[in-house]
Amino acid sequence: MQRGLFITFEGADGCGKTTQIKLLDEYLRARGKSTLLTREPGAKGLGVKLREILLNYEGPVSPNCESFLFLADRAQHIDCIIKPALEEGKIVLCDRHTDSTVAYQGYGRGLDIKQINMLNNIAVNGIKPDLTIVFDIDIQTSLARVGNEKDRMESAGIDFFNRVRNGYLEIAEKEPERVKIINASDTIDNIHKKVVELVEKL
Ligand code: TYD
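Nothing here was measured: the structure is a model prediction, and the numbers come from that model. (Residues numbered from 1 in each chain as written. Predicted model: local features only at pLDDT ≥ 70, side-chain atom pairs only at ≥ 80, totals over all residues. Heavy atoms only, no water.)

S.K.: For this particular structure, what's the right way to read the layout of surface pockets?
M.R.: Summary: where empty space remains is shown by rolling a probe the size of a single water molecule over the atoms. In this structure, the largest pocket spans a volume of roughly 580 Å³. Looking at the largest pocket, it is lined by 28 residues, and the ones nearest its centre are Lys17, Glu40, Arg51, Asp95 and Arg96. Elements represented by at least two residues in the lining of the largest pocket include exactly α1 (17-30), β2 (35-39), α2 (46-56), α3 (63-87) and α4 (98-108). Take the lining of the largest pocket: its biggest share by element is 4 residues, from α1. For the lining of the largest pocket, the residue count by class is 11 nonpolar, 6 polar and 11 charged. Here the second largest pocket defines a volume of roughly 320 Å³. (1 Å grid on protein atoms, 1.4 Å probe; cavity = no way out; pocket = protein on both sides within 12 Å on 5 of 7 lines; lining within 4 Å. Points joined across faces, edges and corners; volume = space filled by probe spheres on them. Helix = DSSP H or I, 4+ residues; strand = E, 2+ residues; numbered from the N terminus. Nonpolar A, V, L, I, M, F, W, Y, C, P; charged D, E, K, R; others polar.)

As structure tokens, then:
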């Protein structure tokens, strides 16, 4: 089977990864590569409806329910969008993926990490990122970037986001081959150069 590359971008809200994923997409396209730029939650179709609930539902949401909704979105995304693109040989750039559930629902909400890993494994159906880039930044700075218009997840508070950040750092420590950390308080240009360096190595 022909197989493209699967690269995921991770980090706390406001870390700047969405700017960086777009810059990398432009960089690769300018070099004639065929890419798919996508995101979780809510790439398209059913995912968009799940995203709407996850980010905007105003009533109480249990942490387990939240996890299952992110995982449902992921299962659909992998089977209907990511896997076919990889089979076509594309470079898939995904804004958030499995590590977001470990960091946010595991470290952030306090759910069992082993169980989340197990559920992630079911959702991804054998597909694993070739490279994951974590954009690390102190939480005061990233939340200031998010501003006052916060969605349901972004309203979780500073302690929650410190646990999320710490979660990402632990994930990177456990899987140093796949997960690379970039200091996201640097300039957009410098960060882009570091991203390109990591991707060129692949
Ligand atoms: P989004 O607007 O895409 O945020 P960002 O631009 O920071 O990626 O919102 C996604 C939110 O959902 C974000 O707060 C992280 C959260 N999330 C989880 O809690 N668990 C997950 O598994 C995923 C994919 C996202």
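Next comes the rest of the description.
S.K.: Explain the state of the cysteines to me, please; I cannot follow it from the model alone.
M.R.: Put plainly, two cysteines are in a disulfide when a covalent bond ties their sulfur atoms together. Within this structure, the stated rule accounts for 0 disulfides. Between Cys80, a cysteine without a disulfide, and Cys94, which holds the nearest cysteine sulfur, the sulfur-to-sulfur distance is 14 Å. Take Cys80: its relative accessible area is 47%, and that puts it in the partly exposed class. (Disulfide = S-S within 2.5 Å. Buried < 20%, exposed > 50% of the residue type's maximum accessible area, 1.4 Å probe, protein only.)

S.K.: What am I meant to see in the site of the ligand here?
M.R.: Surveying the vicinity of the ligand reveals 15 residues, the closest of which are Asp13, Lys17, Arg96, Thr101 and Gln105. In the environment of the ligand, an oxygen atom lies 2.7 Å from a nitrogen or oxygen atom belonging to the side chain of Arg96. One of the side-chain nitrogen or oxygen atoms of Gln105 is found 2.8 Å away from a nitrogen atom of the ligand. Judged by the fraction of its atoms near the pocket grid, the ligand is located in the largest pocket. (Near = heavy atom within 4 Å. Polar contact = N/O pair within 3.5 Å; in protein donor to acceptor, adjacent residues only side chain to side chain. Sits in = over half its atoms within 2 Å of the grid points.)

S.K.: How should the pairing of strand β4 (residues 131-136) be read in this particular structure?
M.R.: Where a strand is regular, its side chains alternate between the two sheet faces. β4 sits mainly inside the fold: 6 of its 6 residues count as buried. Neither face of β4 is open: one carries Leu131, Ile133 and Phe135, the other Thr132, Val134 and Asp136, and all of them are buried. Bridging between strand β1 (residues 5-10) and β4 involves 4 bridges; their strand directions are parallel. The partner of Ile7 across the bridge, within β4, is Leu131. (Pairing = 2+ DSSP bridges.)

S.K.: What should I look at first to understand the packing of α3 against helix α5 (residues 113-124) in this one?
M.R.: To characterise two packed helices, one gives the angle between the axes of the helices and the distance between these axes. Look at α3 against α5: their axes get within 8 Å of each other, and the N-to-C directions meet at 30 degrees. One finds that α3 runs roughly parallel with respect to α5. The hand of the α3/α5 crossing is right-handed. Counted together, Phe68, Leu71, Arg74, Ala75 and Ile78 of α3 and Leu119, Asn120, Ala123 and Val124 of α5 form the full contact between these two elements. (Axes fitted to C-alpha atoms, helices over the stretch in contact; angles between N-to-C directions. Parallel < 35°, antiparallel > 145°, perpendicular 65-115°, else oblique. Left-handed = near helix turned anticlockwise from the far one by under 90°. Contact = heavy atoms within 4.5 Å.)

These results come straight from atomic positions and should not be treated as a statement about function.
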